[in-house]
Amino acid sequence: MSTGRLTIDLQAIAENWRALDARSAATVETAATIKADAYGLGVGPVARALHAAGARTFFVAVAEEGAGLREALGPSPRIFVYGGHMPGDTDMIGDLGLIPLLNSIEQLTRHFEALPGAPFGIQLDSGMNRLGLEPAEWAAVRDLVMKQGPHLVMSHLACADEPEHDMNAQQLRVFREMTQGLGVPLSLSATGGTLLGSDYHFSMTRPGIGLYGGRPFEDAAAVVRLSLPVIQLRDLEAGETVGYSNTFTAQRPTRLATVAAGYADGIHRALSGRTQMFHGSQACPVVGRVSMDLITVDVTDLDSDPQALDLMSTMQTIDDLADAAGTIGYEILTSLGPRYTRRYTGVTT
Ligand SMILES: *Cc1c(COP(=O)(O)O)cnc(C)c1O
């Protein structure tokens, strides 16, 4: 085997969905956000596992992603599109039965003219200033829109991963004001908001990262294991250097493993000298620069020569790597490259 093996535990994803579902009342629907190919893990298997666990409503970023998802799930699950109804999307939205979350007056006009009577939702801006109708715009079109019967009115929290942040209560207040008396399903929360408590749940939550084992869902089950094959082992004398720019110098006689993956596979170069790989439960420091296709690891302290080393497992999570690389678990997952052999375990769907 010459490429890394990425094992994705569908049972863990299903467990994480059930655990997040249990955080809200039985009357609150728990949907699933599976944009960006299910955060890089593969939309088909992930969507089928979530559907088997009980999810019936899914969210993607753009209409194109809805096509793959519709193919995986068949006609009945609801698929909302965060990006709304963009020019050129009309056929896809109509043919695949996608539900765009209209986020501007321009999109409202486009949707109502191109697909009169077709389902839609509304995205409001409650303060994040990224997508959605502003309070004044909403006030102007609200009555007209409500006559068309939106399937969902939603907004998004900017700081939900920081429970103490004032922004949460402020956006909650604005969202409540904007949706007062609407009488249609409402949604404000992704993973972070789901964990903030029942005030934030409304009719539906729509977690993403928590399903895939990431913060802020600290209790999440680990979903990914990334195991990289050792291509070569060598012995260094004290004083020898390793890799580009000689950033590592052996301080002792050192046994070095070179493994087959690098920054082209989404292992951030910023991890150079700042992380470790595991042989079972034993940690081995990554030394020298992470290069495009190769990583060098100090395996001197292992009892036997490894055939493969784990970069991610229950020993080291996506957030451990993210902290070391100065990023977030979302970026670790969505960077995982196409060269890995992807294996799915846990649920057969
Ligand atoms: C990505 C996204 C989500 C899911 O967020 P997580 O933090 O991954 O749970 C929910 N809503 C919107 C609008 C998003 O863009």
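Scroll up to find the structure this text is about.
Residues numbered from 1 in each chain as written. Predicted model: local features only at pLDDT ≥ 70, side-chain atom pairs only at ≥ 80, totals over all residues. Heavy atoms only, no water.

Asker: Is there a simple way to think about the packing of helix α3 (residues 43-53) against helix α4 (residues 63-73) in this case?
Answerer: Think of two packed helices as two axes; the pair is described by the angle between the axes and how far apart they sit. Two elements in contact, α3 and α4, have axes whose closest approach is 9 Å; the angle formed by their N-to-C orientations is 50 degrees. The angle between α3 and α4 falls in the class oblique. Seen along the crossing, α3 lies across α4 with a hand that is right-handed. Where α3 abuts α4, its residues V43, G44, A47, R48 and H51 lie against L69, A72 and L73. (Axes fitted to C-alpha atoms, helices over the stretch in contact; angles between N-to-C directions. Helix = DSSP H or I, 4+ residues; strand = E, 2+ residues; numbered from the N terminus. Parallel < 35°, antiparallel > 145°, perpendicular 65-115°, else oblique. Left-handed = near helix turned anticlockwise from the far one by under 90°. Contact = heavy atoms within 4.5 Å.)

Asker: Quick question: what am I supposed to make of the nonpolar core here?
Answerer: Nonpolar side chains in soluble globular proteins tend to end up buried together. I13, I34, L41, L50, Y212, I267 and L309 are the most contacted members of the largest nonpolar core, which totals 65 residues. Two domains each donate at least three residues to this core, and these are domain 1 (9-212) and domain 2 (224-316). L102, L157, L186 and Y200 belong to the second-largest nonpolar core, a separate cluster that totals 21 residues. (Core = buried A, V, L, I, M, F, W, Y, C linked by side-chain atoms within 4.5 Å. Buried < 20%, exposed > 50% of the residue type's maximum accessible area, 1.4 Å probe, protein only. Domains from an automatic or database assignment.)

Asker: Got a minute to help me understand the pairing of strand β4 (residues 57-60) in this structure?
Answerer: On a regular strand, one side chain projects to one face of the sheet and the next to the other, so that they alternate. Residues T57 and F59 of β4 are buried on one face, and the alternating residues F58 and V60, pointing to the opposite face, are buried as well. Pairing analysis gives four bridges linking β4 to strand β5 (residues 78-81), with the strands arranged parallel. Following the sheet pairing, F59 is matched in β5 by F80. Handedness of the crossover joining β4 and β5 through α4: right-handed. (Pairing = 2+ DSSP bridges. Right-handed = clockwise from strand over helix to strand, strands pointing away.)

Asker: Got a minute to help me understand the sheet that holds strand β9 (residues 186-189) in this structure?
Answerer: Backbone hydrogen bonds are what pair the strands of a sheet, in a parallel or an antiparallel way. What the nine strands build is an open sheet, ordered β2-β10-β9-β8-β7-β6-β5-β4-β3; its pairing is parallel. Each edge of the sheet is formed by a strand with only one pairing partner; in this case those strands are β2 (29-30) and β3 (32-33). Set on the sheet, α4 makes contact with β4 and β5; between it and β4 the angle comes to about 150 degrees.

Asker: What is the right way to look at the site of the ligand in this model?
Answerer: Lining the immediate surroundings of the ligand are 13 residues, of which K35, Y39, T191, I209 and Y330 lie closest. Within the side chain of R206, one N or O atom sits 3.0 Å away from a nitrogen atom of the ligand. Between the ligand and the protein, one listed contact pairs an oxygen atom with a side-chain N or O atom of Y330 at 2.6 Å. Protein chains bury 92% of the 390 Å² of accessible surface belonging to the ligand in isolation. (Near = heavy atom within 4 Å. Polar contact = N/O pair within 3.5 Å; in protein donor to acceptor, adjacent residues only side chain to side chain. Areas by Shrake-Rupley, 256 points an atom, 1.4 Å probe, with all protein chains shown as cover.)

Asker: I tried to follow the side chain of T296 on my own but got confused; where do I start?
Answerer: Along the polypeptide, T296 turns up in strand β17 (residues 294-298). Using a relative accessible area of 12% as the deciding quantity, one classes T296 as buried. Of note is the side chain of T296, whose polar atom sits 2.7 Å from the backbone oxygen of V287. The residues touching T296, leaving out its near neighbours within four places in the chain, are V242, L256, A257, T258, P285, V286, V287, G288 and R289.

Asker: Would you mind showing me how to read the environment of A12 here?
Answerer: Within the element layout of this structure, A12 appears in helix α1 (residues 10-21). A12 sits 294 residues away from P306 along the chain, and the two C-alpha atoms are 27 Å apart.

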